[in-house]
Amino acid sequence: KANDMLIHLANSDKLNLDTEPEKWVQEAMATHASPNSSIEMDFADGRHFLMRGQRSRDGSRVTTLTDISTLKDNERKLFYRGQSLQRALDDADLTTAALENQGKGLVHLAEDLDLAKRQVEEEKARANRFARESLAREIHMTAILETIGDALIAIDHRGMIETVNPAAERMFGY
C-alpha cells in the first residue's frame with residue numbers, strides 16, 4: 001500500500017524531508033488521495049522520484065513511480081546557470097553605470113578643455129593686440145624723439161642714461 005510505503009520511507013534515512021516524518025506522510029497521503037496527484041521525493045543519495053496517482057475508469061487507483069533524477073539535475077544546473085547569468089548581468093549593469101559616469105566625466109573634461117582653449121586663444125589675441133599697440137606706440141615715440149628739435153635725455157632711477165635723441169647728440173657732440 002502507498003501509505004505503508006510512505007511511512008517506511010519517511011521514517012528511514014533515505015528521504016530528505018523539510019518537515020517531521022509524520023506531517024510529511026499526512027500531506028503526502030492527502031495529496032495522493034486526490035484524483036490526479038503527484039508527489040516529488042528527494043532521496044538522500046541524490047536521486048529524485050515522482051510518484052503519481054490516478055484513478056482509473058473502474059475506480060481503482062494506479063500509482064507510478066518515475067525516476068526524475070536527470071530532470072532535477074538539469075533543473076539544478078539551469079538554476080545555477082541562471083544565477084551565474086544574473087550575476088553577469090548585474091556586473092554588466094555596474095560596468096555600464098561606471099562607464100556612463102566616466103563618459104560624463106570625459107564630456108565635462110572635454111568641455112573644460114574647450115573652454116580653456118578658447119580662453120588661451122582669447123588671451124593670445126589680447127597679447128598680440130597689446131604687442132602690436134606697444135610696437136605702434138614705440139614706433140610713434142621713436143619718430144617723435146628722432147624728429148623733435150629739442151635735446152632729450154632720459155635717465156633711470158640710478159642716474160643711468162636710457163635714451164638720447166639726435167638733437168641731444170648734436171648738442172653734446174656725439
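Preceding block: the structure.
This text gives an overview of the structure that appears in the document.

So, how was this worked out
Within every chain, residues take consecutive numbers counted from 1 along the sequence as written. Per-residue local features are limited, in this predicted model, to residues with pLDDT of at least 70; the limit for side-chain atom pairs, both in listing and counting, is 80 or more; totals at the level of whole chains, interfaces and linings are taken over all residues. Remark: hydrogens and water are excluded; side-chain values derive from all non-hydrogen atoms of the structure. Strands are runs of DSSP state E lasting at least 2 residues, helices are runs of H or I lasting at least 4, and numbering of each runs from the N terminus. Burial classes: relative accessible area under 20% of the type maximum marks a residue as buried, over 50% as exposed, and values in between as partly exposed (1.4 Å probe, protein chains only). The term polar contact refers here to a pair of N or O atoms within 3.5 Å; inside protein, the definition further demands a hydrogen-donor-capable atom paired with an acceptor-capable atom, and it admits residues adjacent in sequence only when both atoms are side-chain atoms. Contacts are residue-level and defined by heavy atoms, with any inter-residue pair within 4.5 Å sufficient. For Phe, Tyr and Trp, rings pair up if their centres lie within 6.5 Å, where Trp contributes its six-membered ring, and each pair is then called stacked (planes under 30 degrees apart), edge-to-face (over 60) or tilted (otherwise). Both a distance and an angle decide whether a charge sits over a ring: NZ of Lys or CZ of Arg must be within 6 Å of the ring centre and within 35 degrees of the ring normal. Here a salt bridge means any side-chain nitrogen of Lys or Arg lying within 4 Å of a carboxyl oxygen belonging to Asp or Glu. At least two DSSP bridges between two strands are required for those strands to pair. Lines are fitted to the C-alpha atoms to define the axes, a helix being fitted only along its stretch in contact, and any angle between axes, read from their N-to-C directions, falls within 0 to 180 degrees. Each angle is binned into one of four classes, with values under 35 degrees roughly parallel, values over 145 roughly antiparallel, values of 65 to 115 roughly perpendicular, and all other values oblique. Here is the rule for handedness: rotate from the far helix to the near one, and if that takes an anticlockwise turn smaller than a right angle the crossing is left-handed, while a clockwise turn gives right-handed. In this count, Pro and Cys sit with the nonpolar residues alongside Ala, Val, Leu, Ile, Met, Phe, Trp and Tyr, while Asp, Glu, Lys and Arg are called charged and the others, Gly among them, polar.

### What about the side chain of Ser37?
For Ser37, the position within the fold is in strand S1 (residues 36-42). Looking at Ser37, the relative accessible area reads 8%, which means it is buried. A polar side-chain atom of Ser37 sits 3.3 Å from the main-chain carbonyl oxygen of Thr31. Discounting residues that sit within four places of it in the chain, Ser37 has contacts with Thr31, His32, Met51, Arg52, Gly53 and Arg61.

### Some thoughts on the packing of aromatic side chains
Going through the model one piece at a time under the given rule, you end up with two aromatic pairs. Taking the centre distance of 5.3 Å and the plane angle of 75° together, the rings of Phe43 and Phe49 count as edge-to-face. Of the two residues, Phe43 and Phe49, both sit in the buried class. Taken together, a centroid distance of 5.5 Å and an interplanar angle of 65° make the contact between Phe79 and Tyr80 edge-to-face. The exposure class of Phe79 is partly exposed, given its relative accessible area of 49%. Note on Tyr80: relative accessible area 47%, which makes it partly exposed. Over the aromatic face of Phe43 sits the side chain of Arg47, whose NZ or CZ is 5.5 Å from the ring centroid.

### Considerations on the pattern of salt bridges
A full pass over the atoms with the stated rule returns eight salt bridges. Across the pair Asp45 and Arg47 runs a salt bridge whose closest N-O atoms are separated by 2.7 Å. A residue is classified by how much of its surface remains accessible, and Asp45, at 51% relative accessible area, is exposed. One continuous salt-bridge network, built from bridges that share partners, spans Glu40, Lys72 and Glu75.

### Examining the sheet that holds S1
Paired through their backbone hydrogen bonds, the strands of a sheet run either parallel or antiparallel. Pairing is antiparallel in the open sheet, where three strands are placed in the order S1-S2-S3. The open sheet has two edge strands, S1 and strand S3 (61-67), and neither has a second partner. Across the sheet, the mean angle separating the axes of adjacent strands is 15° when strand polarity is ignored. As judged from the seven bridges shared by S1 and strand S2 (residues 48-55), these two strands associate in the antiparallel manner. Note that in S2 the partner of Asp42 across the bridge is His48. Seen against the sheet, helix H2 (residues 21-33) touches S1, S2 and S3 and runs at an angle of roughly 150° to S1.

### Structural notes on the environment of Leu6
Mapped onto the secondary structure, Leu6 falls in helix H1 (residues 2-11). Residues Leu6 and Ala28 lie 22 residues apart in sequence; the distance between their C-alpha atoms is 7.8 Å. In this structure, Leu6 is in contact with Trp24, Val25, Ala28, Met29, Met41 and Met51, ignoring residues within four places of it in sequence.

### Points about the pairing of strand S5 (residues 161-164)
The pairing of strand S4 (residues 153-155) with S5 spans three bridges and is antiparallel. Of the residues in S5, the one forming a bridge with Ala154 is Thr163.

### Looking at the packing of H1 against H2
Two elements in contact, H1 and H2, have axes whose closest approach is 9 Å; the angle formed by their N-to-C orientations is 150°. Relative to H2, H1 is oriented roughly antiparallel. Both H1 and H2 take part in a crossing whose hand is right-handed. Residues Ala2, Asn3, Leu6, Ile7, Ala10 and Asn11 of H1 lie in contact with H2, whose contacting residues are Pro21, Glu22, Trp24, Val25, Ala28, Met29 and His32. Classifying every residue of the contact of H1 with H2 gives nine nonpolar, three polar and one charged.

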